[in-house]
Amino acid sequence: TELRTKLFSRITICRATNENSHNYDGSSDDCQSETSSSLLGFHVAPMQCYTNASLRYLYRLLSPDAKLWTEMEKIGDLTSLDALERRFGPPIGGGGRDKSPKNDNNNNDITLQLGGNDVTKIEECVKQIYDVGYQFDEINLNCGCPSIESGGSANYGASLMKQPALTKSLLEAIHRGCNDPGQPQKHRTEVSLKCRIAVFETPDDMIHPISDTEYAQLNHYITQAEQAGISHVVLHARPAILSGLNPVKNRQVPVLDYSIVERIANDFPSLRVTLNGGIQSYSQLEKIRQEANSRSSGPITSFMAGRWMLQRPLDIIQVQDKFLSSNKMASSSSDMSCTHAARHGIERYFDYVERSMFPSSKSQVKAPLAEICLPLYLLSEQLREDYDTWCDCEGGSNEDEILGPQHALLSVTDIEILYDTMKEGVEQIEDSLPNKKKNKIPSDYVSFKNLSASFKGIVGTKVVNKWKRNRAEL
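Procedures and definitions
Residues numbered from 1 in each chain as written. Predicted model: local features only at pLDDT ≥ 70, side-chain atom pairs only at ≥ 80, totals over all residues. Heavy atoms only, no water. Axes fitted to C-alpha atoms, helices over the stretch in contact; angles between N-to-C directions. Helix = DSSP H or I, 4+ residues; strand = E, 2+ residues; numbered from the N terminus. Parallel < 35°, antiparallel > 145°, perpendicular 65-115°, else oblique. Left-handed = near helix turned anticlockwise from the far one by under 90°. Contact = heavy atoms within 4.5 Å. Nonpolar A, V, L, I, M, F, W, Y, C, P; charged D, E, K, R; others polar. Salt bridge = Lys/Arg side-chain N within 4 Å of Asp/Glu carboxyl O. Core = buried A, V, L, I, M, F, W, Y, C linked by side-chain atoms within 4.5 Å. Buried < 20%, exposed > 50% of the residue type's maximum accessible area, 1.4 Å probe, protein only. Pairing = 2+ DSSP bridges. pLDDT = per-residue confidence, 0-100. Phe/Tyr/Trp six-rings, centres within 6.5 Å; stacked < 30°, edge-to-face > 60°. Lys NZ or Arg CZ within 6 Å of the ring centre and 35° of its normal.

Interaxial distance between helix α14 (residues 369-393) and helix α16 (residues 412-431) falls to 10 Å at its minimum, and their mutual angle equals 150°. One element, α14, and the other, α16, form an angle in the roughly antiparallel class. As α14 runs across α16, the sense of the crossing is left-handed. Mapping the contact onto sequence places C373, L376, L379, S380, L383, D386, Y387 and W390 in α14 and V412, I415, E416, L418, M422 and I429 in α16. Of the residues in the contact of α14 with α16, the class split is 11 nonpolar, one polar and two charged.

This is the structure we're talking about:
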């Protein structure tokens, strides 16, 4: 540790200026910032089995201004208050069983994504959600997931791109459900569409670049959605293949084409257009933004990433400081480093873990242990990978190698500080579970291997091995 401190003491990574410092306390009130309308937006993409209430809470602690989404929720799964509260926490608008003045999940400032193809049922579902007190900032219709049809479970998702009239009716039904003029509401809920740039039946049918015919179909599709009252469209810049590719291959084989997203932004100036697909780092985000808006007269207003945020959840701090911040958002007089923001966020998340494991009220829904521990595992894996990279640089023969990763978010000393925070919190979880086997984590040196083993003792080896496999496939 002394050697590392000496080697890397010259390095200061990602220090925020006074203009861009924030209050990272994660509370629903303090996270509301005066964001200029001219600023770009950043969305954490909806990810099945990941973007649940616990992971959203971590992201909100680390970034007050990122736009957060639910998982895609099938309308048939949202038929009871129990189901709603398990997914979103108690409604802040009242109507739930937990009448406490504050809860951990501000469900007003997230986007609810729905999957379905039944106009009547989707309207009834949305009305029920709002009747019990939920008021989402935005409701999105999923018309971009190709794995739904290929899995044989239902005829919705990307297959709806072949049915513009039905898509229009579904969007109109969502509008009626969440913006009922007979119900008093504090704000009007936006309705949006998420789709691909084209849809093909099989890999053999795929055309790249997409032809004028395919673009005309996309333009017509979005025109129908605009007529249904949407104000926002999220375009995944790949075609969807409905059969013949598994979900992983559907993210790899179809070629990205950002120019189609730019054309839509030009052709639909009244819509907010979000570009999704292929963004894997902050430097890539900046490059795509600059290139897209330099060529497009109709600016792309926001960007979306999912797998990057899962593999490297702490990177959202960099997005907050460099991409989402404005001079109006200064909330402290001193600089706040990425290390401070990360440590504060992690500590607050461990507080959330304790509240989730031991609810203060019988009416509160107890979160599954695996769900609340998964974000901690994702954090530890990012720190482990970055730490290994730094340590590999120690044996470098020149100054560039000794200085390590040129765009690193955290220095080796930063990582060691966060490791200690993680270790202490994980040990507290172990102590609260008397029937679980405890894993001794060394206190005199950094061992992410032992930290990972502790998760196995908490949630089980099979669960952690599944996490590991799923993360490797991102």
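Moving on, we come to the packing of α14 against helix α17 (residues 448-459). Following both chains from N to C, one finds α14 and α17 inclined at 170°, their axes separated by 10 Å at the closest point. Considered as vectors, α14 and α17 are oriented roughly antiparallel to each other. Contacts from L369, A370, C373, L376, Y377, S380, L383, R384 and Y387 in α14 reach F448, L451, S452, F455, I458 and V459 in α17. Among the residues forming the contact of α14 with α17, the class breakdown is 12 nonpolar, two polar and one charged.

So, on to the pattern of salt bridges. With the rule as written, the count across this model stands at 16 salt bridges. Two residues, E73 and R87, come together in a salt bridge whose shortest N-O distance is 2.8 Å. Of the two residues, E73 sits in strand β2 (residues 67-74) while R87 sits in helix α3 (residues 81-88), which places them 14 residues apart along the sequence. A salt bridge links E190 to R272; the shortest N-O distance between them is 2.7 Å.

The next subject is the nonpolar core. Ranked by internal contacts, the top residues of the largest apolar core, which has 123 residues, are F42, L218 and L314. At 10 residues, the largest contribution of residues to this core is made by α14.

Okay, the pairing of β2 next. β2 sits mainly inside the fold: seven of its eight residues count as buried. By the bridge criterion, two bridges tie strand β1 (residues 41-44) to β2 in an arrangement that is parallel. Bridge pairing in β2 places V44 opposite L68. With five bridges joining them, β2 and strand β3 (residues 110-115) adopt parallel strand pairing. Note that in β3 the partner of W69 across the bridge is T111.

Here we come to unusual backbone geometry. The linkage connecting H208 with the following residue, P209, adopts the cis geometry, with an omega of -5°. Relative to the assigned elements, P209 resides in the loop between β5 (190-200) and α7 (212-227).

This brings us to the confidence of the model for the protein chain. Parts of the prediction with low pLDDT should not have their coordinates interpreted in detail. For the protein chain, per-residue confidence averages 82 on the pLDDT scale, and residues scoring 70 or more make up 78% of the total. Mean pLDDT across the elements of the protein chain ranges from a minimum in helix α1 (residues 2-8), with 35, to a maximum in α7, with 98. Segment residues 327-335 is flagged for pLDDT under 50; beyond a separation of four residues in sequence, or across chains, it makes 23 contacts in the model.

Moving on to helix α2 (residues 53-62). Extensive coverage of α2 is indicated by the burial of 10 of its 10 residues. All of the buried residues in α2 are A53, S54, L55, R56, Y57, L58, Y59, R60, L61 and L62.

All right, on to the packing of aromatic side chains then. Using the criterion set out here, one finds 11 aromatic pairs in the structure. Look at Y134 and F136: their rings are 5.9 Å apart centre to centre, the planes differ by 5°, and that puts the pair in the stacked class. Judged on exposure class, the residue Y134 and its partner F136 are both buried. Taken together, the ring pairs connect Y57, Y349 and Y352 into an aromatic cluster. The residue whose ring lies beneath R263 is Y215, and the NZ or CZ to ring-centre distance is 3.7 Å.

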